[in-house]
Amino acid sequence: MGYKRGNDVLPAAVLRAVQKHIDGEYIYIPRRQSGKRPWGSRTGIKQSLLARNKEIIAKRRAGHSVPELATEYFLSGKTIYKIISAAKRG
């Protein structure tokens, strides 16, 4: 996300209307619903986390303890339990 100058992108009438409500401050304008992308689609983090979670589940099934997994993956024990629980549900 980058900042754009209102003078450069908005018609003068629209700019004046916005200034009536928020003069000289920052405003976030969200994307249209049609322009939204799924979480993680741009960076690939979603796929990385899914792969990591599969590794955690496989290691847990192979006998690794939750504290071992938490230390190895720099996560809390509670997070490891959530990953395991989500795998059982899904």
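Note that the structure is a prediction, hence the values are computed from the model and not measured. (Residues numbered from 1 in each chain as written. Predicted model: local features only at pLDDT ≥ 70, side-chain atom pairs only at ≥ 80, totals over all residues. Heavy atoms only, no water.)

Chemist: Mind showing me how you'd approach the packing of aromatic side chains here?
Modeler: The relation between two aromatic rings is expressed through the spacing of the ring centres and the mutual angle of the planes. Tallying each qualifying case throughout the model produces one aromatic pair. Relative to Tyr-26, the ring of Tyr-3 has its centre 5.5 Å away and its plane inclined at 50 degrees; by these criteria the two rings are tilted. Taken together, the positions of Tyr-3 in the segment before α1 (6-9) and Tyr-26 in the loop between α2 (12-21) and α3 (45-61) put the pair 23 residues apart, joining distant regions of the chain. Both residues of the pair, Tyr-3 and Tyr-26, belong to the exposed class. (Phe/Tyr/Trp six-rings, centres within 6.5 Å; stacked < 30°, edge-to-face > 60°. Helix = DSSP H or I, 4+ residues; strand = E, 2+ residues; numbered from the N terminus. Buried < 20%, exposed > 50% of the residue type's maximum accessible area, 1.4 Å probe, protein only.)

Chemist: How do you make sense of the nonpolar core when you look at a structure like this?
Modeler: As a rule of thumb, soluble globular proteins bury nonpolar side chains together. Counting nine residues, the largest nonpolar core consists of Ile-56, Ile-57, Val-66, Leu-69, Ala-70, Tyr-73, Ile-80, Ile-83 and Ile-84. Of all the elements in the fold, those that place two or more residues in this core are α3, α4 (66-73) and α5 (77-89). Sequence-distant contacts of Ile-56, defined by excluding residues within four places in its chain, comprise Leu-69, Tyr-73, Leu-75, Ile-80 and Ile-83. (Core = buried A, V, L, I, M, F, W, Y, C linked by side-chain atoms within 4.5 Å. Contact = heavy atoms within 4.5 Å.)

Chemist: How should the environment of Arg-37 be read in this particular structure?
Modeler: Structurally, Arg-37 can be placed in the loop between α2 and α3. Since its relative accessible area comes to 48%, Arg-37 is described here as partly exposed.

Chemist: Help me understand the confidence of the model for the protein, please; the structure alone is not making it clear to me.
Modeler: Averaged over all residues, the pLDDT of the protein is 92; the fraction at 70 or higher stands at 99%. At the low end of the mean pLDDT range in the protein sits α1, at 92; at the high end sits α4, at 98. (pLDDT = per-residue confidence, 0-100.)

Chemist: Would you mind showing me how to read the layout of surface pockets here?
Modeler: Space left empty within the atom packing is revealed by a probe, the size of a water molecule, rolled over the atoms. Within this model, the largest pocket holds a volume of roughly 790 Å³. Forming the walls of the largest pocket are 20 residues, and the residues nearest its centre are Lys-4, Arg-5, Gly-6, Ile-27 and Ile-29. Of all the secondary-structure elements, those providing two or more residues to the lining of the largest pocket are α1 and α2. When grouped by side-chain class, the residues that make up the lining of the largest pocket number 11 nonpolar, five polar and four charged. Within this model, the second largest pocket holds a volume of roughly 260 Å³. In this structure, the second largest pocket is lined by 12 residues; those nearest its centre are Arg-31, Arg-37, Pro-38, Trp-39 and Arg-42. Of the residues belonging to the lining of the second largest pocket, the class tally is five nonpolar, three polar and four charged. (1 Å grid on protein atoms, 1.4 Å probe; cavity = no way out; pocket = protein on both sides within 12 Å on 5 of 7 lines; lining within 4 Å. Points joined across faces, edges and corners; volume = space filled by probe spheres on them. Nonpolar A, V, L, I, M, F, W, Y, C, P; charged D, E, K, R; others polar.)

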